[in-house]
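# Structural description and commentary
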Amino acid sequence: MTATDHAVRLVHAAALAAADKLATDQLAFDVSEQLAITDAFLLATGANDRQVRAIVEEIEDKLRELDAKPIRREGHRDGRWVLLDYGDVVIHVQHAEEREFYALERLWRDCPAIELPAEVHGPTA
């Protein structure tokens, strides 16, 4: 089993929204083989608490335009690590320190990566 087309569309839309608010180090994984509860994870980093909250709000706005609403939202008040659960997709927006400490990408590195749109990574030199 692989992530559904719907899940990939949500990941792409969320990644583009996060990029609009200058999120860094975005990675997406197809976790459908490992977890029965979701198809994909998106990881994004914000430089500070305020940016983390701005990234989360932009993601929620863009996904709402696709008629997607989070089932669960955790950590928004602190702005250190916000989890948005959309059922098919779970989005982690972390402060740079939390991202480095918890290193979620190490936990999921055996899962296939979901390629993100080129715009997410910005211009290359």
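The present account deals with the structure reproduced in this document. (Residues numbered from 1 in each chain as written. Predicted model: local features only at pLDDT ≥ 70, side-chain atom pairs only at ≥ 80, totals over all residues. Heavy atoms only, no water.)

## A closer look at the overall build of the chain
We apply this condition: Numbering of helices and strands runs from the N terminus, with a helix taken as a DSSP run of H or I at least four residues long and a strand as a DSSP run of E at least two residues long. Each radius of gyration reported is based on C-alpha atoms, and the globular scaling rule is 2.2 Å times the count of residues to the power 0.38. Note on contacts: a residue pair qualifies if any of its non-hydrogen atoms lie within 4.5 Å across the two residues. In short, Shrake-Rupley with a 1.4 Å probe defines the accessible areas, and a residue's cover is counted only from the protein chains shown. Positive charges are assigned to Lys and Arg, negative charges to Asp and Glu, while His and the chain termini are left out of the count. For the purpose of locating charges, the reference atoms are NZ of Lys, CZ of Arg, CG of Asp and CD of Glu.
Secondary structure summary: the chain contains four helices and five strands in total. Shown N-terminal to C-terminal, the secondary structure of the chain runs as helices and strands in the order α-β-β-α-β-β-β-α-α. Relative to a compact globule of 125 residues, whose C-alpha radius of gyration would be 14 Å, the chain shows 13 Å and is just as compact. Oriented by its inertia axes, the alpha-carbon framework of the chain measures out at about 35 × 30 × 30 Å. Nonlocal contacts in the chain, meaning residues at least 24 apart in sequence, comprise 64% of its contacts between residues at least 6 apart. Entry remark: accessible area of the chain is about 7200 Å², with carbon and sulfur atoms responsible for 50%. Side chains of the chain carry 14 positive and 24 negative charges; the gap between the two charge centres is 6 Å.

## Examining the packing of aromatic side chains
Selection criterion: Only Phe, Tyr and Trp rings take part, Trp by its six-membered ring, and two of them pair if their centres are within 6.5 Å. Stacked means planes under 30 degrees apart, edge-to-face means over 60, and tilted covers everything else. Partly exposed describes any residue whose relative accessible area lies between the buried limit of under 20% and the exposed limit of over 50%, with all areas from a 1.4 Å probe on protein chains only and scaled to the type maximum.
Evaluated as defined, the whole model comprises three aromatic pairs. Each ring, one from Phe-101 and one from Tyr-102, has its centre 4.9 Å from the other, and the planes form 85 degrees; the classification is edge-to-face. Since its relative accessible area comes to 62%, Phe-101 is described here as exposed. Within the aromatic cluster, the residues linked to one another by ring pairs are Trp-81, Phe-101 and Tyr-102.

## As for the pattern of salt bridges
Counted only if it meets this: Between Lys or Arg on one side and Asp or Glu on the other, a salt bridge is scored when a side-chain nitrogen of the former is within 4 Å of a carboxyl oxygen of the latter.
In this structure the tally under the stated criterion is eight salt bridges. Where Glu-60 meets Arg-73, a salt bridge forms, and the shortest distance between an N and an O atom there is 2.9 Å. With Glu-60 in helix α2 (residues 49-65) and Arg-73 in strand β3 (residues 72-74), this pair connects stretches of sequence that are 13 residues apart. Overall, Glu-60 belongs to the buried group, its relative accessible area being 10%. In this structure, Arg-72 and Glu-74 form a salt bridge, with 3.0 Å as the shortest nitrogen-oxygen distance. Assessed through its relative accessible area of 41%, Arg-72 is described here as partly exposed. Each of Asp-49, Arg-80, Glu-97 and Glu-98 takes part in a single network of salt bridges with overlapping partners.

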